[in-house]
Amino acid sequence: MNIQGMPAVVVGGASGMGRATAARLAQLGATVAILDLPASEGPTVAKELGAGFHPCDVTDAEGTQEALQAAVTALGGLRIAVNTAGGGISKRTLTKEGPHPLAAFSSVIGLNLIGTFNLNRLQAWHMSQNAPIDGERGVIVNTASIAAFEGQIGQVAYTAAKAGIAGMSLTMARDLGSLGIRVMAIAPSLFATGSTARIPEDMAATLTRDAAYPRRMGRPEEYANLATAIVENQMLNGGTIRLDGGQRFAPR
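Along each chain, residue indices are assigned from 1 in the same order as the chain's sequence is written. Given that the model is predicted, a residue must reach a pLDDT of at least 70 before its local features are reported, and side-chain atom pairs must reach 80 or more before they are shown or counted; all residues, however, enter totals for whole chains, interfaces and linings. Side-chain calculation: all heavy atoms of the structure are included, whereas hydrogens and water are not.

## Overview of empty space enclosed by the protein
Two kinds of site are reported from a 1 Å grid over the protein atoms alone, namely cavities, where a 1.4 Å probe fits but cannot get out, and pockets, open sets with protein on both sides within 12 Å along at least five of seven lines, and residues are called lining when an atom falls within 4 Å of a point. Grid points are joined across faces, edges and corners, and a volume is the space filled by probe spheres set on the points. Counted by the stated rule, this structure contains 1 cavity of 30 Å³ or more. One number sums up the size of the largest cavity: a volume of about 50 Å³. As for the largest cavity, its lining consists of Val-58, Asn-83, Thr-84, Ala-85, Leu-111, Gly-115, Thr-116, Leu-119, Thr-143, Lys-162 and Ile-165. The helix count covers DSSP runs of H or I at least four residues long, the strand count covers runs of E at least two residues long, and both are numbered beginning at the N terminus. At the level of secondary structure, the elements contributing two or more residues to the lining of the largest cavity comprise helix H4 (102-128) and helix H6 (156-176). With 4 residues, the top contributor of residues to the lining of the largest cavity is H4. Each residue is assigned to one class: nonpolar for Ala, Val, Leu, Ile, Met, Phe, Trp, Tyr, Cys and Pro, charged for Asp, Glu, Lys and Arg, and polar for all the others, Gly among them. Tallied by class, residues from the lining of the largest cavity come to 5 nonpolar, 5 polar and 1 charged.

So this is what it looks like as structure tokens:
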């Protein structure tokens, strides 16, 4: 898909990989709307990029539907959706205090997996209303993690959620293929976003020592470059691309 002039939504676009993706899409000529938490830097980032901002908490299904509808209405449609909202906790399956709290597990699944699917089903519906361009109506890019494949100790909830996102890609792509809607996921390693951006250099070197090359944290713009490459390449569909410098997470 040629990005120039296309309406795009970036969920989690106020910071980190989402912000970099929103900036890259705008640079390539897309009309961009950012969805992020009400207390985020969304309004400031949107103003900088000439984008729209719509407050959204992806754990609120009804509120998410309303925010996405407002964004699509303002954009005049939806062709590109990039979803980066998520987060995790550190908790083992069993500790001295007892079993992993079920509510905490459910919360991580709700934020990452259910939140992503809810966005996807709504985004796909809006895209289905488009007239096809070269047979294509839209592209959805989700965010998994290499933890989906080799989760570390204490990441059981996060691993389950991100593995679910990776696992949905092919099935959803098959569901939506007849409509000309593609679905892909990106699985980053450790990226310099949020609190991890403040990790000291020596600690970052330790955390990324298992990478082949480069042995450093990923940069948000590297995620953005891959996300836009996926949008532009029609043969990328139904898969999950690792963005990790050849790193495989150690157990801890």
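## Examining helix H8 (residues 220-232)
The end-to-end C-alpha distance of H8 is 19 Å, a good match for the 18 Å that 13 residues give at a rise of 1.5 Å each. Buried within H8 are the following residues: Pro-220, Tyr-223, Ala-224, Leu-226, Ala-227, Thr-228, Ile-230 and Val-231. Where H8 is buried, its residues touch helix H1 (16-27), strand S4 (80-83), strand S7 (138-143), strand S8 (181-188) and strand S9 (240-243). An expected span of 1.5 Å times one less than the residue number is assigned to each helix. Each residue is assigned to one of three classes by its accessible area relative to the maximum for its type, calculated with a 1.4 Å probe on protein chains only: buried under 20%, partly exposed between the two thresholds, exposed over 50%. A contact between two residues is defined here by any heavy atoms of the two lying within 4.5 Å.

## Digging into the environment of Lys-162
For Lys-162, the position within the fold is in helix H6. Judged by its relative accessible area of 3%, Lys-162 falls in the buried class. For the pair Lys-162 and Thr-116, spaced 46 residues apart in sequence, the C-alpha to C-alpha distance is 10.0 Å. Setting aside residues up to four positions removed in sequence, Lys-162 forms contacts with Asn-112, Thr-143, Ala-144, Ser-145 and Ala-148.

## Considerations on the layout of surface pockets
As a volume, the largest pocket reaches approximately 1200 Å³. Taken together, 47 residues make up the lining of the largest pocket; nearest its centre are Gly-87, Gly-88, Tyr-158, Thr-193 and Thr-196. When residues of the lining of the largest pocket are traced back to their parent elements, those giving at least two are H1, strand S2 (31-36), H6 and helix H7 (201-207). Here the lining of the largest pocket gets 3 residues from one element, more than from any other, and that element is H1. Grouping the amino acids of the lining of the largest pocket by side-chain chemistry returns 20 nonpolar, 21 polar and 6 charged.

## Details of unusual backbone geometry
The omega angle of the peptide bond from Tyr-213 to Pro-214 is 0°, so this bond is cis rather than trans. For Pro-214, the location among the structural elements is in the loop between H7 and H8. A positive phi angle, close to 55°, is found at Asp-134, a residue other than glycine. Its place among the elements puts Asp-134 in the loop between H4 and S7.

## Focus on the environment of Phe-117
You can see Phe-117 is positioned in helix H4. A relative accessible area of 41% means that Phe-117 is categorised as partly exposed. Taking the C-alpha atoms as reference, Phe-117 lies 9.7 Å from Met-172; in sequence the two are 55 residues apart. Beyond its immediate chain neighbours, meaning those up to four positions away, Phe-117 contacts Met-168 and Met-172.

On their own, these measurements won't tell you what the molecule is for.
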